[in-house]
Amino acid sequence: MLALFYAFISQAHGRSFMPIAGTKVAQKVDSLYSFLLVISVISCVLVIGGLIYFALKYRRKTADDKTAYISHNNTLEFLWSFIPFVLFIVVFAWGWLIYRDMRSFPDDALEIHVLGKKWNWDYQYKSGKRTTAELTVPVGVPVKLIMTSQDVIHSFFIPSFRIKQDVVPGRYTALWFEAEKQGRYQIFCTEYCGDQHSAMLGTLNVVSLEEYETWLGDNPYKGLSLAEVGQKVFSQKCTVCHNVNDQRKVGPGFAGLYQKQRQFADGSQAVADENYIRDSILMPQKQVVEGYPPNGMISFQGQLAENELLGLIEYIKTLK
Amino acid sequence: MAVTTPESEHNYLNHEKGLWSWLTTLDHKRIGIMYMVSVMFFFLLGGIFALLIRTELAAPGPGILGDGQTYNQAMTFHGAIMVFMVIIPGIPAFLGNFVLPLHLGAKDVAFPRLNLLSWYCLMVGALITFTSLIYNGSDTGWTFYTPYSIEHASSGTVWVVLGAFVMGFSSILTGLNFIVTTHTLRAPGMSFFRMPLFVWGLYSTAIIQVLATPVLAITLLLLAAERLLGIGFFDPALGGDPVLFQHFFWFYSHPAVYIMILPAMGVISELITAFSRKTIFGYRAIAFSSLGIAAVSFFVWGHHMYVSGQSELAGVIFSFLTMLVGVPTAIKTFNWVATLYKGSIVFQSPMLFALGFLFLFTIGGVTGIMLATLAMDVHFHDTYFVVAHFHYVMVGGTLMAIMGGIYYWFPKMFGKMYSEGMARMSFVFIFTGFNVTFFPQFVLGAMGMPRRYFDYLEIYTHLNQVSTAGSYMIGIGFVIGLVTIIQGMMNGEKASDNPWGAKTLEWQTASPPPHENFNYEPQVTAGPYEYR
Ligand SMILES: [Cu+2]
């Protein structure tokens with residue numbers, strides 16, 4: 001047992017078994033974790049220690065021992081309900097505060113699109129560059145990953161950053177982080193996705209800003225930026241019905257659409273974010289803009305490649 | 001009948017003879033024994049899958065199971081068998097069936113025919129599940145997450161889903177039966193607060209079984225319809241929403257966790273009092289905390305989904321509510337420890353399992369609080385930390401209680417005694433092996449190793465080896481336990497009516513009890529743990 005314990009300790013390298021903490025958020029998670037570990041160990045020692053102590057101390061001495069008849073004790077019972085309650089609330093609030101940091105996306109974050117598919121990760125950068133398996137980002141810059149899946153649910157996990165988010169087909173989910181140190185970090189898929197689930201690994205390569213910029217420019221496809229891809233698709237498929245200014249054609253004009261409050265024919269409302277724009281292109285009947293016919297736009301489901309779709313969204317976002 | 005048994009030796013076991021008399025029996029005790037045999041059989045199967053899994057994971061790279069697909073099937077069958085065929089029916093349907101009417105001073109459950117039907121539901125459901133093996137098995141994991149289970153899983157999945165659907169009815173019928181039995185068949189003088197705490201545990205469980213299981217049934221039916229008929233509920237390609245499935249699934253499967261643990265907690269209350277010969281500390285607190293846990297358990301399902309893409313506000317609310325469930329659970333633990341204070345404690349094998357339960361459950365509990373904490377869970381979710389946590393609760397909790405319960409009620413069930421030495425040995429192996437297997441998994445999880453991995457990175461090798469070694473110890477422990485039970489049944493020494501000197505009603509009738517449980521109408525004049 002002791003040898004085992006020693007093995008755990010040596011595994012831990014003083015970080016209580018956690019991987020290196022590569023972001024501020026990860027450090028915050030670790031302090032919460034240390035606190036939890038300490039109170040957990042104290043509780044276990046109290047409960048299990050008490051258990052062993054009583055069990056040994058009050059061993060049966062004679063076959064007809066008499067025992068004390070203690071039915072309850074209000075003060076004691078109040079205390080051992082109230083103290084855990086307070087502790088739980090503290091832990092809850094602490095966890096919530098850090099979670100809020102995890103989910104508050106900085107406005108100036110560098111956006112990278114992530115596509116999960118069996119059994120690989122695809123990364124699409126704003127410059128139009130695409131990579132597989134290895135994600136390269138600059139150090140000290142907030143990065144926002146906008147993620148979706150092509151087939152089943154996956155989950156994007158960077159243990160060193162303590163962040164994880166499911167990657168769901170049919171919708172976008174997001175993660176952000178700001179790496180503090182250059183280096184290579186492990187990426188796992190943590191939602192079971194079939195035969196090669198455990199081989200769906202990736203590497204996060206954190207490099208200096210200059211290195212990142214030369215790396216980005218070095219584009220084997222020598223292609224267009226996402227927004228430029230979008231512009232091209234738009235001029236081919238959408239201009240018959242949509243203007244790039246705010247004038248109505250068959251459908252609404254798009255200037256200023258992004259982040260605008262939309263009013264729908266059925267009385268509901270929503271803010272035009274990435275998910276909304278994606279849905280409007282793939283499932284136009286889901287939310288019909290007020291004042292337009294229900295079948296004014298046909299669905300583009302299956303007619304656009306993922307990067308064309310992403311491009312369209314990026315392009316519409318740029319229209320002011 | 002030609003057989004003439006002297007009145008004193010006439011009991012439920014020799015009341016009728018032959019296999020047919022068992023298969024058509026309406027006696028709750030016999031149905032309980034049939035559950036015992038089937039659950040033990042399923043446990044053996046699920047255990048073999050577990051050992052295969054651990055053997056595969058003894059080293060990185062392909063091992064005994066060869067490839068990812070075979071591994072995933074073993075993982076799926078291990079989970080589905082252990083959850084739907086062992087842990088859910090284990091305590092209520094097996095121990096509960098045998099003990100509940102005896103505890104209440106009743107002749108049988110309220111609906112004996114329904115009781116038999118629920119056993120057949122379990123059998124038919126299990127059979128349907130195993131049919132999947134003919135159709136290429138299933139590899140979805142016991143959670144059947146969409147859209148994987150709809151588009152990509154192997155073709156036997158529908159059978160597993162339908163099997164679980166049918167087994168759900170077994171659970172619903174048993175729950176219904178127990179609720180009505182508890183309300184209507186208590187012996188004269190048995191007020192609610194004179195009921196043994198095991199009854200409170202079963203009653204709270206029954207409420208969950210009746211209210212939550214239908215949700216699972218509907219969800220599985222929708223899943224089957226989607227897979228067979230292509231109607232879009234959960235698959236985005238058909239216009240469905242995969243996260244909706246998770247909401248439905250956990251709306252049942254979280255309360256189901258309490259179907260597994262609440263009756264176990266009841267068993268522990270019986271064992272602790274009997275073997276410390278002392279009245280329970282805080283009877284009402286324990287009784288009401290069972291009901292409290294049952295009620296709140298319906299509102300915490302979203303803690304399985306913090307990173308699923310559900311709304312962030314939902315995550316916050318679910319985290320808060322989960323913390324609330326922690327309180328009654330902590331109360332119970334403290335009450336049990338307090339019961340030991342100034343008791344007269346003997347370390348008979350059932351008590352060893354009860355103390356083992358407290359030990360493991362405490363660790364399961366504190367790690368549960370870690371997982372309930374939002375920011376912590378983002379890191380731990382779907383890693384081995386979760387695997388370790390729920391094994392500490394389900395195996396360290398429920399299975400320890402089942403083992404303790406079997407040894408405790410064994411003399412009542414069969415009128416014979418098992419070998420105490422062997423029973424203790426099984427405890428030592430199971431308890432030690434358990435910690436060696438699952439404690440390292442907490443560390444693996446903290447280090448980031450994801451669950452449901454057929455293969456893993458080099459850095460995780462050592463701890464995985466330790467874990468695999470532990471699993472073999474558990475295996476040996478359960479084999480010893482099985483031998484102890486079979487040997488005790490065959491040629492154990494004759495047991496007295498009340499070998500433990502316990503106070504609940506079942507110990508006042510003969511061992512084994514007569515067909516109608518009591519040869520007289522029991523009169524209850526005091527609480528269940530009046531050790532004075
Ligand atoms: Cu995956």
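Rules used in this analysis
- Residues numbered from 1 in each chain as written.
- Chains lettered and ligands numbered in written order.
- Predicted model: local features only at pLDDT ≥ 70, side-chain atom pairs only at ≥ 80, totals over all residues.
- Heavy atoms only, no water.
- Donors = N, O, S within 2.8 Å, 3.2 Å for Na, K, Ca; no water.
- Buried < 20%, exposed > 50% of the residue type's maximum accessible area, 1.4 Å probe, protein only.
- Helix = DSSP H or I, 4+ residues; strand = E, 2+ residues; numbered from the N terminus.
- Polar contact = N/O pair within 3.5 Å; in protein donor to acceptor, adjacent residues only side chain to side chain.
- Core = buried A, V, L, I, M, F, W, Y, C linked by side-chain atoms within 4.5 Å.
- Domains from an automatic or database assignment.
- Contact = heavy atoms within 4.5 Å.
- Buried area = accessible area lost by both parts, 1.4 Å probe.
- Salt bridge = Lys/Arg side-chain N within 4 Å of Asp/Glu carboxyl O.
- Nonpolar A, V, L, I, M, F, W, Y, C, P; charged D, E, K, R; others polar.

**Student:** Got a sec to walk through the coordination of the copper ion? Specific residues and values, please.
**Tutor:** Residue and element names in this part refer to chain A. Ligation of the copper ion by protein atoms is provided by His154 (ND1), Cys189 (SG) and Cys193 (SG), these donors lying 2.1 to 2.3 Å from the ion. Look at cysteine 189 and you get buried, because its relative accessible area is 0%. Residue cysteine 193 is classed as buried on the basis of its relative accessible area, which comes to 0%.

**Student:** Give me the lowdown on the side chain of Asn243(A), citing residues and values where you can.
**Tutor:** You can see Asn243(A) is positioned in the loop between α5 (226–237) and β11 (261–263). Polar side-chain contacts of Asn243(A) include one of 3.1 Å to the backbone oxygen of Gln247(A).

**Student:** Can you explain the nonpolar core? Please cite residues and give values.
**Tutor:** The biggest cluster of nonpolar side chains holds 238 residues, and the ones touching the most others in it are Leu135(A), Leu145(A), Phe156(A), Leu204(A), Phe84(B), Phe357(B) and Met413(B). The greatest single-element share of this core, amounting to 22 residues, is contributed by helix α3 (residues 68–104) of chain B. Summarising the domain contributions, this core has at least three residues from each of domain 1 (2–57 + 71–103) and domain 2 (110–216) of chain A. Contact partners of Leu135(A), with chain neighbours within four places excluded, come to Ile112(A), Tyr123(A), Tyr125(A), Leu145(A), Phe156(A), Ile187(A), Thr203(A), Leu204(A) and Asn205(A).

**Student:** Can you explain the domain arrangement of chain A? Please cite residues and give values.
**Tutor:** Residue and element names in this part refer to chain A. Under the domain assignment used here, chain A contains domain 1 (2–57 + 71–103), domain 2 (110–216) and domain 3 (226–318). Taking only C-alpha atoms into account, the centre of domain 2 sits 27 Å from that of domain 3. Domain 2 puts 14 residues into the contact, and the matching count from domain 3 is 11 residues. Taken over both partners, the interface formed by domain 2 and domain 3 buries close to 990 Å², and the fraction arising from carbon and sulfur atoms is 52%. The largest per-residue losses of area from domain 2 upon contact with domain 3 belong to His113, Lys126 and Tyr172, which jointly make up 51% of the total buried on that side. Run the count over domain 2 and domain 3 and you get two salt bridges. Notably, a salt bridge pairs glutamate 314 with lysine 126, separated by 3.6 Å at the nearest N-O pair. Inspection of the domain 2/domain 3 interface yields five residue pairs in polar contact (both at pLDDT 80 or more). Elements with a minimum of two residues in the side of domain 2 that touches domain 3: β1 (110–117) and β5 (143–149). When grouped by side-chain class, the residues that make up the side of domain 2 that touches domain 3 number four nonpolar, six polar and four charged.

**Student:** Go over the side chain of Gln73(B) with me, naming the residues and quoting the values.
**Tutor:** All names here are of chain B. One can find glutamine 73 in helix α3. Residue glutamine 73 is classed as buried on the basis of its relative accessible area of 15%. A polar contact of 3.1 Å, which involves the side chain of glutamine 73, links it to the backbone oxygen of asparagine 136. Residues in contact with glutamine 73, not counting those within four places in the same chain, are Asn136, Gly137, Ser138, Asp139 and Ser154.

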